[in-house]
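# Coordinates in review
For reference, the chains in residue letters:
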Amino acid sequence: MHDLRAPALPATRGEALDADAYAEELRERRASVRNGESWQLERLQHFEETGNPPRDALRRGDWREVLRLIEAERTTARRAADDDGRNGSPFRRLRVVEEPLSPYVRWQLHWLHMRAEAGHQTRVLSAEEFSFAEAAGGRLPEIVIVDGRVLYEVLHTPAGVHTGSRRYEDPAIVRPWEVYVKRAYAMAEDLRNYFTHSVAHLPPPPAA
């Protein structure tokens, strides 16, 4: 276990965005990045997503359809990874996992594995590595950092419904979090390796 104490993220210094405004702004900022890294830290173990066909299939318990729909996204995922490569703008995701894996995370790891095979960069780190930090400061936030310039704290209800975000652009906040996520990412395991030994052999998850 490592001492991964998180930096401060004072809510009063962030600017609130609703879910639609956040999604649109994130798309625009990501599309404009050239020769810069972006990062995502995912901590929650369950999200309630809407308008996502594979997620809807999981909710129905139709695992065969889940896998078919995930595979249908492969060409689009590869094209996006190629675009990031041409722009020098990798988007690296760190997925924190608790074992035994929740049905949502098991589904998501199948989707992330497909994307990793298509060229996207994702690593996995056990929640145990953050237990000291979370005992002292509460659960880690869900964050996205774009080009080292802006940090979004992605907000959800206790049930995992996305409600929007808080935007931070102060370098005194953004930079320590970027360093923190990079440090944790460096400790983490490649998603494809983790998938092989901890996910691929599992039976289909229950509907969730």
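Shown above is the structure to which this text applies.
Residues numbered from 1 in each chain as written. Predicted model: local features only at pLDDT ≥ 70, side-chain atom pairs only at ≥ 80, totals over all residues. Heavy atoms only, no water.

## Comments concerning empty space enclosed by the protein
Any empty space left between atoms is shown by rolling a water-sized probe over those atoms. Put simply, the rule is: Each cavity reported here is a set of points on a 1 Å grid over the protein atoms alone in which a 1.4 Å probe fits but cannot get out, each pocket an open set with protein on both sides within 12 Å along at least five of seven lines, and each lining residue one with an atom within 4 Å of a point. Grid points are joined across faces, edges and corners, and a volume is the space filled by probe spheres set on the points. Strands are runs of DSSP state E lasting at least 2 residues, helices are runs of H or I lasting at least 4, and numbering of each runs from the N terminus. Each residue is assigned to one of three groups, with Ala, Val, Leu, Ile, Met, Phe, Trp, Tyr, Cys and Pro labelled nonpolar, Asp, Glu, Lys and Arg labelled charged, and all others, Gly among them, labelled polar.
Across all of its chains, the model carries two cavities of 30 Å³ or more by this definition. Its boundaries defined by the atoms lining it, the largest cavity holds a volume of some 60 Å³. Lining the largest cavity are Phe91, Arg93, Arg115, His120, Gln121 and Thr122. Of all elements in the fold, only β3 (91-97) and β4 (121-126) reach the threshold of two or more residues within the lining of the largest cavity. Residue composition of the lining of the largest cavity, grouped by class: one nonpolar, three polar and two charged. Considering only enclosed or pocket space, the second largest cavity measures out at about 30 Å³ in volume. Taken together, Trp63, Arg106, His110, Val199, Leu202, Pro203 and Pro205 make up the lining of the second largest cavity. Residues of the lining of the second largest cavity, tallied by class, amount to five nonpolar, one polar and one charged.

## A short note on the pattern of salt bridges
Between side chains of opposite charge, pairing is possible as soon as their charged atoms come close. Going by this rule: Any carboxyl oxygen of Asp or Glu that lies within 4 Å of a side-chain nitrogen of Lys or Arg is treated as forming a salt bridge with it. Think of it in three bands: with a 1.4 Å probe and only protein chains considered, a residue is buried below 20% of the maximum accessible area for its type, exposed above 50%, and partly exposed in between.
A complete count under the given rule lists 25 salt bridges for this structure. A salt bridge links Glu134 to Arg43; the shortest N-O distance between them is 2.8 Å. Taken together, the residues Glu134 in helix α6 (residues 131-137) and Arg43 in the loop between β2 (38-42) and α2 (53-60) connect sequence positions 91 residues apart. Like Arg43, Glu134 is buried. For Arg59, the salt bridge identified is with Glu48, shortest N-O distance 3.3 Å. Here the residue Arg59 occupies a position in helix α2, and Glu48 occupies one in the loop between β2 and α2, the gap between them amounting to 11 residues. What makes Arg59 partly exposed here is its relative accessible area of 32%. Glu48 sits in the partly exposed class, given a relative accessible area of 29%. Residues joined by salt bridges that share partners form a network here, namely Glu15, Glu25, Arg29, Arg167 and Glu169.

## What to know about the sheet that holds β2
The line we're drawing: Strand pairing requires that DSSP identify at least two bridges connecting the strands. Here, residues are in contact when the closest pair of their heavy atoms is within 4.5 Å. Interaxial angles span 0 to 180 degrees and are taken between N-to-C directions of axes, which are lines fitted to C-alpha atoms, for helices over the stretch in contact.
Spatially, eight strands are ordered β1-β7-β6-β5-β2-β3-β4-β8 in an open sheet, and the strand pairing comes out mixed. Looking at strand neighbours, the two that pair on one side only are β1 (15-18) and β8 (189-190), the edges of this open sheet. Across four bridges, β1 lies against strand β7 (residues 162-168) in antiparallel orientation. Within β7, the residue paired with Ala16 across the bridge is Arg166. Sitting on the sheet, helix α5 (residues 103-117) touches β2, β3 and β4, and the angle it makes with β3 is about 150 degrees.

## Looking at the pairing of β7
A regular strand places its side chains on the two faces of the sheet in alternate fashion. Of the pairings in the sheet, the one linking strand β6 (residues 150-156) to β7 comprises six bridges and is antiparallel in character. Bridged to Leu155 within β7 is Gly164.

## Points about the packing of aromatic side chains
So the rule is basically this: Think of it this way: a Phe, Tyr or Trp ring, Trp meaning its six-membered ring, pairs with another when their centres are within 6.5 Å, and the plane angle makes it stacked under 30 degrees, edge-to-face over 60, tilted otherwise.
Counted by the stated rule, this structure contains five aromatic pairs. Ring centres of Tyr22 and Tyr152 lie 5.2 Å apart, and the angle between their planes is 70 degrees; on these two criteria the pair is classed as edge-to-face. On the criterion of sequence distance, the pair formed by Tyr22 in helix α1 (residues 19-32) and Tyr152 in strand β6 is long-range, its members being 130 residues apart. The burial state of Tyr22 is the same as that of Tyr152; both residues are buried. On the basis of an interplanar angle of 65 degrees and a centroid distance of 5.4 Å, the ring pair of Phe47 and Tyr104 is categorised as edge-to-face. Of this pair, Phe47 sits in the loop between β2 and α2 while Tyr104 sits in helix α5, placing them 57 residues apart in sequence. Each member of the pair, Phe47 as well as Tyr104, is classed as buried. A connected cluster of aromatic rings, assembled from ring pairs, spans Phe47, Tyr104 and Trp107.

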